[in-house]
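# Residue-level structure breakdown
Chain residues, written in single-letter form:
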Amino acid sequence: MFWLKKIFFIIIVFLSLVNCISCVSNNSYSAVDSYGWMETEKDLTNNWLLSESNRSMKILEKLDLFSLIEKRFSELTDYGTEPIIHNIRLKGENTFYLKRTNKHPYNRLFVKDRFGKERLLVDPPVGYIYNLYPSNDGKYVAYAISENDSEISSIKVINVKTRAHLADSLFGITFSNLVWANDNLSFFYHRNNFADSGNRKSGTEELYLHRLGSNSDKDLAIFGKANIENYQANIDQYTYLSLSANWAVVSVESSISGDTIDLYLTDSNSLNLENKHWKKIIDRKQKVTNFLLRDNWLYLAKYNNFSGYTLSRLDLNHIHYQEEKIIEWKKGELTRFSVSKDAIYLTYYDSGKYKFVTIPFADLHNIKSIPVSDGNEVTAIFSSSDHKEILFTQQNWNIPPKIWQYDPDSQLIEDSKIIKTDASLFADYESEQKGVKSNDGELIPLTLIHRKGVKLDGSNPTWLFAYGAYGQSEYPYYYDTTRLIWLEKGGIIAIAHVRGGGELGPKWHYDGKGKNKINSVNDFIKCAKYLIDHRYTNSSKLVISGVSAGGIVIGSALARHPELFAAASITSGMLNMSRLDQIPIGSVNFAEFGSPFNKQEFKNLQTIDAYLNLREGINYPPVMLSVGLQDARVYPWQNAKFAARLGEINSSQNENVFIIANQEDGHFINNFVNMVVFFMWKTNISD
């Protein structure tokens, strides 16, 4: 066994020397990279990651904390979380939804009739159901299911009355966007023609028409390269279809970096014809981000010049007429945009104030506010074009979700009684928001969750998280009882809403992307210093974490100010940004972060490249890196290179770099328990 390890070590040293002698020069990268071999030697890299993971897990599992935290995690996962219901769809007198329980901790598909009788429709033997689409008459349900954390899924169809699956099974689904036709015997869906071959990057994303009982290979492409001049769709663009009695509208957007859309229009009665013509009516330069189609009107939500949004409508019978403005606001994100039979429902932030409103089609300027409990937010709206009533979920960081029913006629809000909630678990805890001044004077929102009456004596273990990319906002969409593992030990949970996210509107995103990405890092560092300066914690008790693009922020903060932190955890992190073009989602991220092929943008990428900014002779705090070896978004070598370089710099320190690698997982690896054990260990929290 010893000689095998020795040979393995010699191979690694040899490959490192090769890279030291020969600079990596492809794709405008010319710096000497001692671990560049990890990018091309996939098997060797993965084996190293798995070996390091085994070593890391042995260390963690020997800690007294490990079994205690596993037990508490199990208790909190079970407590007050049964059932979890989501993806609610209202059709006719039936309500369809996905549900999971402690006994069945995976999504199962259910239907409930108007008398409240529940029936199980689908209990998948394998796979994860993540969306459902009832036909307009409620006779069939199509659902999307993926297996083994794959980003390629399939669509299956079930007869609601008999619970029998139809022969129809569609593959190559990169994301589900399914719309039933008016005949209820056919539907439109989105497919990548190369997805099953493992060559998605060469594939084309197009919309197809499928008739129940027919061969999917013969499905008609209704929107794609044959229909649109200069159509450039690839795996990195989303296409969404919306139908009314007379019109069909398709939106096209980038799946990662682009948040504005192109809109194409045609008449809905000819969608079954080949080579049909689509007219482009909205260009991305017009800054439209969301749309709704109702009768002959197209409702548009677009960025305005005040870092907010303007909602207007366009008459599709007269598309050259000026749009009619309905509502606008400043400095705030549009968080929910939904439609019922009679009205539009919006949730948004207007200069820091949270609002939930309804806009009736019969009187667009009679905008009515819907009350929301203090501190709560609407995290989901469930509506249908054949129901005037809606359901909505209301919750906060420390308040569990509750599903309410709203009647627009009476304006009455009632408990839907769909789920039972128990708020007692967080009764002793509260959340608050602070404003932290960044380097340029901008106030950064900082959310804090802690025990009521917390003492500001600098001794509280504090876990600081950030993401800050793609305009994605960190709102309390997910009520998580397992946070108590940290809070019960006197810990504080902090969320830094750094620029690059969308919390304060489009400008907030712009000011943290591309050439401005360094703002995300500076904002985070200022939030960390605020927590220390205001005696919430101290550097020996402050831990930080981020996932995916959040790895840019965490990795860069760690490289720049290691003295601030006790430990860090990065999951599926983007840590070698100057090599952005070498990962699967690289090219579609150029608009968000910059291109290595542009001289100035390449310099910007080097500035936020955590791997390149690690320095010799620096004492870095302990770091945990979590990777799924099937990650089809950010290749594992990004984390492997960072770990290897960090281990080399801190070679004199034992137990300083930890890797958790999973052979089967992809981009969305769950490593919560190990992360909590690691953080508690490194902040000296005892059992």
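Residues numbered from 1 in each chain as written. Predicted model: local features only at pLDDT ≥ 70, side-chain atom pairs only at ≥ 80, totals over all residues. Heavy atoms only, no water.

Next up on the list: the overall build of the protein. On a plain count of helices and strands, the protein comes out with 11 helices and 36 strands. The C-alpha radius of gyration computed for the protein amounts to 26 Å, which stays within 12% of the reference 26 Å derived for 687 residues, consistent with globular compactness. C-alpha atoms of the protein, sized along the principal axes, occupy 70 × 55 × 50 Å. Across the 687 residues in the protein, those meeting the buried criterion constitute 57%. The contacts of the protein with a sequence gap of at least 6 include a subset with a gap of at least 24, amounting to 56%. Summing over all exposed atoms, the protein offers an accessible surface of approximately 29,800 Å²; the carbon and sulfur share of this is 49%. Both charge centroids of the protein, one from 74 positive and one from 77 negative side chains, sit 2 Å from each other. (Helix = DSSP H or I, 4+ residues; strand = E, 2+ residues; numbered from the N terminus. Rg over C-alpha atoms; globule rule 2.2 N^0.38 Å. Buried < 20%, exposed > 50% of the residue type's maximum accessible area, 1.4 Å probe, protein only. Contact = heavy atoms within 4.5 Å. Areas by Shrake-Rupley, 256 points an atom, 1.4 Å probe, with all protein chains shown as cover. Lys, Arg positive; Asp, Glu negative; His and termini not counted. Charge placed at Lys NZ, Arg CZ, Asp CG, Glu CD.)

Overall, mixed pairing links the eight strands, which are arranged β29-β30-β32-β31-β33-β34-β35-β36 in an open sheet. Strand pairing shows two members of the sheet lacking a second neighbour, β29 (429–437) and β36 (657–662), which therefore form its edges. If you compare each strand with its neighbour and ignore which way they point, the axes differ by 20° on average. Pairing of strand β31 (residues 462–465) with strand β32 (residues 492–496), which is carried by four bridges, proceeds in the parallel orientation. Considered in β32, the bridge of Leu464 is made with Ala494. Together, β33 (542–547), β34 (567–571) and β35 (623–628) form the strand contacts of helix α7 (residues 550–560), whose direction differs from that of β33 by roughly 145°. (Pairing = 2+ DSSP bridges. Axes fitted to C-alpha atoms, helices over the stretch in contact; angles between N-to-C directions.)

Glancing now at the side chain of Ser53. Positionally, Ser53 belongs in helix α2 (residues 42–61). Among the residues examined, Ser53 registers a relative accessible area of 5% and is labelled buried. In contact with Ser53, not counting residues within four places along its chain, are Ile659, Ile660 and Ala661.

Before going further, it helps to spend a moment on the sheet that holds strand β3 (residues 108–112). Taken in spatial order, the four strands make up an open sheet running β1-β2-β3-β4, and their pairing is antiparallel. For this open sheet the edge positions go to β1 (84–91) and β4 (118–122), each flanked by a neighbour on one side alone. Between one strand axis and the next, the sheet turns by 30° as a mean value, whatever way the strands run. Where β3 lies against β4, four bridges are found, and the strand directions are antiparallel. Note that in β4 the partner of Phe110 across the bridge is Leu120.

In this model, the protein carries a mean pLDDT of 89, and residues with pLDDT of at least 70 account for 91%. Here residues 1–30 scores under 50 on pLDDT; set against residues more than four positions off or in separate chains, the count is 38 contacts. (pLDDT = per-residue confidence, 0-100.)

Side chains of a nonpolar character, in soluble globular proteins, are inclined to be buried together. The biggest cluster of nonpolar side chains holds 71 residues, and the ones touching the most others in it are Leu446, Leu464, Phe524, Phe565, Met574, Phe593 and Phe642. Other than its neighbours up to four places away in sequence, Met574 contacts Tyr470, Ser548, Ala549, Gly551, Ile552, Leu580, Ile583, Asn589, Phe593, Val634 and Gln638. One finds Ile59, Tyr429, Leu487 and Met675 within the second-largest nonpolar core, a separate group that totals 36 residues. (Core = buried A, V, L, I, M, F, W, Y, C linked by side-chain atoms within 4.5 Å.)

Okay, the pattern of salt bridges next. Oppositely charged side chains may form a pair once their charged atoms are brought near each other. Taken as a whole, this structure holds 24 salt bridges when the rule is applied. Here Arg313 and Glu324 are joined by a salt bridge, their closest N and O atoms 2.9 Å apart. Of this pair, Arg313 sits in strand β19 (residues 309–315) while Glu324 is found in strand β20 (residues 324–328), placing the two residues 11 residues apart along the sequence. Judged by relative accessible area, which is 28%, Glu324 ranks as partly exposed. Close ionic contact of Lys325 with Glu328 constitutes a salt bridge, the shortest N to O distance being 3.5 Å. Judged by its relative accessible area of 49%, Lys325 is partly exposed. Its relative accessible area of 36% is what places Glu328 among the partly exposed residues. Overlapping salt bridges bring together Asp33, Glu39, Arg579 and Lys641 as one network. (Salt bridge = Lys/Arg side-chain N within 4 Å of Asp/Glu carboxyl O.)

This paragraph deals with the pairing of strand β6 (residues 140–146). The side chains of a regular strand alternate, first on one face of the sheet and then on the other. A large share of β6 lies buried, amounting to seven of its seven residues. Side chains Tyr140, Ala142, Ala144 and Ser146 project from β6 onto one buried face, and the interleaved Val141, Tyr143 and Ile145 project onto a second face that is buried too. Connecting the antiparallel pair strand β5 (residues 128–134) and β6 is a turn made up of five residues, with Gly138 showing a positive phi of about 75°. In this structure, β6 lies alongside strand β7 (residues 153–159), joined through seven bridges in antiparallel fashion. Bridge pairing in β7 places Tyr143 opposite Lys156.

For the rest of this paragraph, the subject is helix α10 (residues 637–649). Taking 1.5 Å per residue as the helical rise, α10 with its 13 residues ought to reach 18 Å, and the 18 Å between its terminal C-alpha atoms agrees with that figure. With respect to burial, α10 is a largely interior element, 11 of its 13 residues being buried. Residues of α10 that are buried include every one of Trp637, Gln638, Asn639, Ala640, Lys641, Phe642, Ala643, Ala644, Arg645, Leu646 and Ile649, and no others. Buried-residue contacts for α10 involve α2, α7, β34, β35 and β36. (Expected span 1.5 Å × (residues − 1).)

The next thing to look at is the pairing of strand β8 (residues 165–173). Two strands pair when backbone bridges link them, and β7 and β8 are joined in this way by four bridges, in the antiparallel orientation. From the neighbouring strand, Ser153 faces β8, where its bridge partner is Ile173. What sits between β7 and β8 in their antiparallel hairpin is a turn of five residues, with Arg163 showing a positive phi close to 65°.

A separate point is the packing of aromatic side chains. Going through the model one piece at a time under the given rule, you end up with 29 aromatic pairs. Pairing Phe187 with Tyr189 gives two aromatic rings, centres 6.0 Å apart and planes at 70°, and the pair type is edge-to-face. The exposure classification of Phe187 matches that of Tyr189, with both residues buried. Ring geometry for Trp463 versus Phe672: centroids 6.1 Å apart, planes at 15°, classification stacked. One end of the pair, Trp463, is in strand β31; the other, Phe672, is in helix α11 (residues 672–682), and 209 residues separate them in sequence. Summarising the burial analysis for this pair, Trp463 and Phe672 share the class buried. Over the ring of Phe658 we find Arg55; its NZ or CZ atom is 5.9 Å from the centre of that ring. (Phe/Tyr/Trp six-rings, centres within 6.5 Å; stacked < 30°, edge-to-face > 60°. Lys NZ or Arg CZ within 6 Å of the ring centre and 35° of its normal.)

Among the secondary structure elements, Arg108 is positioned in strand β3. Polar contacts involving the side chain of Arg108 include one to the side chain of His104, which spans 3.2 Å. Dropping the residues within four chain positions of it, Arg108 is found in contact with Tyr97, Leu98, Lys99, Leu120, Val122, Asp123 and Pro124. (Polar contact = N/O pair within 3.5 Å; in protein donor to acceptor, adjacent residues only side chain to side chain.)

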